[in-house]
Amino acid sequence: MTKVTQLKPVSGKVAPGSMPRPLEKVCARYLSLSAAYLGDMLDGADDKLFDLAEKETDSERERYFEAMRELRIQRAGLVGSFKQAINHQFLTLARAPETETLEKTPVDLDSLTLVNEDELETSVALDNMARRARNGCNEQLKVLCHRIEYLFESKREVNEHNNPLEPRQLVACFSEGLEKLSLDIKARLIILKLFEREVMAETGFLVSEANKVLIDAGVLPEMKSAPIAPARKPGSRSLANQGSDSVMPTAGSAGGPSNDQMFGLLQELLVTMRGMQGGAGGGGAGGGASGAASEAPMAVMQNGVPYINGAPVANAASVHQVSSDDLLDVLNRLQRVERSLGDDEGEDRADLKTDLSELLDNEHGEAIHALDQADDDVINLVALLFDFILDDEGLPSEIKALIGRLQIPLLKVAIIDKTFFSNDNHEARLLLNMLARAGSQWDPQQGIQDDLYQRINQAVHRIIDDYEDDASLFSSLLQEFQQFFDNQKTRSDRVEQRVREAEEGKARAEQARSEVVAVLDKRMAGRQLPDVVVRLLRQGWQQVLYLTWLREGDGSGLWQQQVKVVDAVVWSVLEHREQAALEKLKDLSPKLLKTLHNGLSQINYDAVETKQLLVKFRDVHQQLLKGLQTERVAVEPEQPAEPAQPETVPELPENHFLVKKCSQLPPGQWIEILDDGEPRRAKLAANIRAGVKMVFTNRRGIKVQEFSAYTLAVALHKGTVKLIEEGALFDRALEAVIGDLRRMQGNV
């Protein structure tokens, strides 16, 4: 006869939206213990960090001392933030069943971005820390979830993603406070390691205590469906499978045999895509440029069971399991097929999984072929990466066709070495980025016989022809191509430098001339002045001002003095009537003549002309001092007023964001210019006066185009010019794939 366990009612139930009293006791106990453990960690942090610092070099030791100082200063805030975050987790569970929890934004994925490598490294450390802690108390957590669900009368599901006592939640609470500390990534990881040793090591005991509190409160005290004994005795301070003293913990990645952390996180993201495409064995992204699900009868092994479209295969005996070695052999044969194709062939071929299935059918007969889950994930990821690469507007179509032929070789690299996805310095990634960077500078108008195109073509075909499993080929090709590219860049830089200096000199001269004319027009135009004064200032002193502006600039003291000379000359020839003005003129005249003579002499102005002008200028002063009239001419502005333009609506306002963006473009920015459908590529060689003049050259350093910030912004707005993004292609592709997968996850 089956024994029936009577479930005793629990007193203290409260209205929906409030925390049941037994759970309040759990929260209080959990807060007390975890805060105490954190306090112990902070009490001993100085000693532990000092011991670690003693083992480091002088250059690294400062990181530990900085961590010590920051923990002392921010201790109160860190503990307060930690306790507040824990309490918030309990309140969230109590009042909002629909509240998004870590199921939507898990610690290990929420910071997954290639834009900030420090955030990625921290998120990986936090995720692995939580995984190891959970291994020691998995069954106890299941029991605890059942008890908490009972408190909510089964109206609320409590699981790994919303249970406040989950290690993931504890890690997130500490991380929230740690983010507010001013520490670099290495010091942050040091403190995380201390937190793992001193606090996360107590996770098993914390969960055991929570179960004990609920048992004492009469919550399912007789439930024996899982072990309830503590995972360890309090005080042992050790985690199962804890590694060495290294700051960065390591653990096997989720969902696959690889030890690479990035690949494990990517696999977790792929889980959502598999579900959208039919579950565990949904076939992934198809492994081809289209990214659509493959129609080939390919299955995926899940825990030893083959799945197709989310359902286990009915007749497992008809399934041919394909190991990683078998897969590499088939890919080698596909690569040999690729080797025999011309450059324009194969663009419309079937997707990779169809090719794989056909080859496997030829060898093993028509059957359902099953890939390992990790291998299937690699195929899907590489396919998604090449989808991005082949859609990238920064590459000419001819270059994309070449790089697209590297899909099979790079797929083999990723199957052999999962660090391909996380190692920025992987030789295959570096070569791909280098080829793409060079390809983005190739101008289709130069033709495929251009030496740059031919070098990219040779590198691609060397990989297709020679790569089996030795990644050193990528390293040697990278070195060869880098040397070629650097030599080309050195030559073009020399030509470009001459163009830039000439254009900058020309622009500066134009600006100086315009400034000088403006200064003189402001003081002379519209007045009646003696002809000698007009010639003295417009022909002689204008050159003095021009050279001073070029040499010293308009902010210099010498420039200001020489402008004052212009003011004095103009004042001195006005018709003075007052005795004080005449006395001032009598005193000023010899000084002014001497200053003008010195200035004109310094620029080697014609000596005879100088003497004649100054003598006539002195005569004007003598006439004015005697009260005589002097002959005068009306002075017209030298810089004509701009003709009135018909009123038209500007294509873009002057403060448009594109205008601002263009004015701040740095030299080296590449653009694509669409002239009558014929694209040309050019590089910004000089951005003069924040967009007043922007000079563009081709790859060889020869000037091909000139814009202002406004005209470039209008061209961008119309689509006749495009900015080319030159960042590392693989990194941009991986970031885009991660973003797409996370959006899929958020929409589920």
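Everything numeric in this text was worked out from a predicted model, so none of it was measured.

Rules used throughout
Residues numbered from 1 in each chain as written. Predicted model: local features only at pLDDT ≥ 70, side-chain atom pairs only at ≥ 80, totals over all residues. Heavy atoms only, no water. Axes fitted to C-alpha atoms, helices over the stretch in contact; angles between N-to-C directions. Helix = DSSP H or I, 4+ residues; strand = E, 2+ residues; numbered from the N terminus. Parallel < 35°, antiparallel > 145°, perpendicular 65-115°, else oblique. Contact = heavy atoms within 4.5 Å. Nonpolar A, V, L, I, M, F, W, Y, C, P; charged D, E, K, R; others polar. Expected span 1.5 Å × (residues − 1). Bend = angle between axes of the 7 residues up to and from the residue. Buried < 20%, exposed > 50% of the residue type's maximum accessible area, 1.4 Å probe, protein only. Core = buried A, V, L, I, M, F, W, Y, C linked by side-chain atoms within 4.5 Å. Phe/Tyr/Trp six-rings, centres within 6.5 Å; stacked < 30°, edge-to-face > 60°. Lys NZ or Arg CZ within 6 Å of the ring centre and 35° of its normal.

Give me the lowdown on the packing of helix H19 (residues 531–552) against helix H20 (residues 557–572), citing residues and values where you can.
Here H19 crosses H20 at 170°, and the two axes come no closer than 9 Å. Accordingly, the angle class assigned to the pair H19 and H20 is roughly antiparallel. Seen from H19, the contacting residues are Val533, Leu537, Trp541, Val544, Leu545, Thr548, Trp549 and Glu552; seen from H20, they are Leu558, Trp559, Gln562, Val563, Val565, Val566, Val569 and Val570. Residue composition of the contact of H19 with H20, grouped by class: 13 nonpolar, two polar and one charged.

Please provide a residue-by-residue account of the packing of helix H21 (residues 579–602) against helix H22 (residues 607–625), values included.
In a pair of packed helices, the angle between the axes and the distance between the axes together describe the arrangement. Across the interface, H21 lies against H22 with an axial gap of 10 Å and an inter-helix angle of 175°. By the angle between their axes, H21 is roughly antiparallel relative to H22. Side by side, H21 and H22 meet where Leu582, Leu585, Lys586, Ser589, Leu592, Leu593, Leu596, His597 and Leu600 of the first sit next to Thr610, Leu614, Phe617, Arg618, His621, Leu624 and Leu625 of the second. Grouping the constituent residues of the contact of H21 with H22 by class yields ten nonpolar, four polar and two charged.

Tell me about H21, and name the residues and values.
Relative to the 34 Å expected for 24 residues at 1.5 Å per residue, H21 spans 35 Å between its end C-alpha atoms, a close match to the ideal helical length. Its maximal kink placed at Leu588, H21 deviates by approximately 35°, while the proline Pro590 follows within four residues. Every buried residue of H21 is accounted for by Ala581, Leu582, Leu585, Ser589, Leu592, Leu593, Leu596, Gly599 and Leu600. Buried residues along H21 sit in contact with H19, H20 and H22. Within two residues after H21, Asn604 carries a phi angle of roughly 60°, on the positive side.

Can you explain unusual backbone geometry? Please cite residues and give values.
Unlike most non-glycine residues, Leu220 shows phi in positive territory, near 45°. Here Leu220 lies in the loop between helix H9 (203–216) and helix H10 (261–276). On the basis of relative accessible area, Leu220 is assigned to the buried category, the value being 12%. Look at Asn604: it is not a glycine, yet its phi comes out positive at around 60°. As for its placement among the helices and strands, Asn604 is situated in the loop between H21 and H22.

Lay out the nonpolar core in plain terms, naming residues and giving numbers.
Counting residues in hydrophobic clusters, the biggest one holds 69 residues, and the most contacted among them are Leu331, Leu356, Phe421, Ile456 and Phe481. Ranked by residues supplied to this core, first place goes to helix H13 (residues 373–391) with nine residues. Residues in contact with Phe481, not counting those within four places in the same chain, are Met434, Leu435, Ala438, Leu452, Arg455 and Ile456. The next biggest cluster of nonpolar side chains, apart from the first, holds 67 residues, and it includes Leu78, Leu144, Leu181 and Val199.

Summarise the packing of aromatic side chains; cite the residues concerned and give the values.
Across all of its chains, the model carries eleven aromatic pairs by this definition. Seen from their ring centres, Phe82 and Phe174 are 6.4 Å apart, and the 80° between their planes marks the pair as edge-to-face. Within this pair, whereas Phe82 is found in helix H3 (residues 58–95), its partner Phe174 is found in helix H7 (residues 167–178), the two being separated by 92 residues in sequence. Neither residue differs from the other here; Phe82 and Phe174 are each classed as buried. The rings of Phe82, Phe174 and Phe195 are connected pair by pair, giving a single aromatic cluster. The cationic tip of Lys584 hangs over the ring face of Trp571; the distance from NZ or CZ to the ring centre is 4.7 Å.

By themselves, these figures tell us nothing about what the structure is for.
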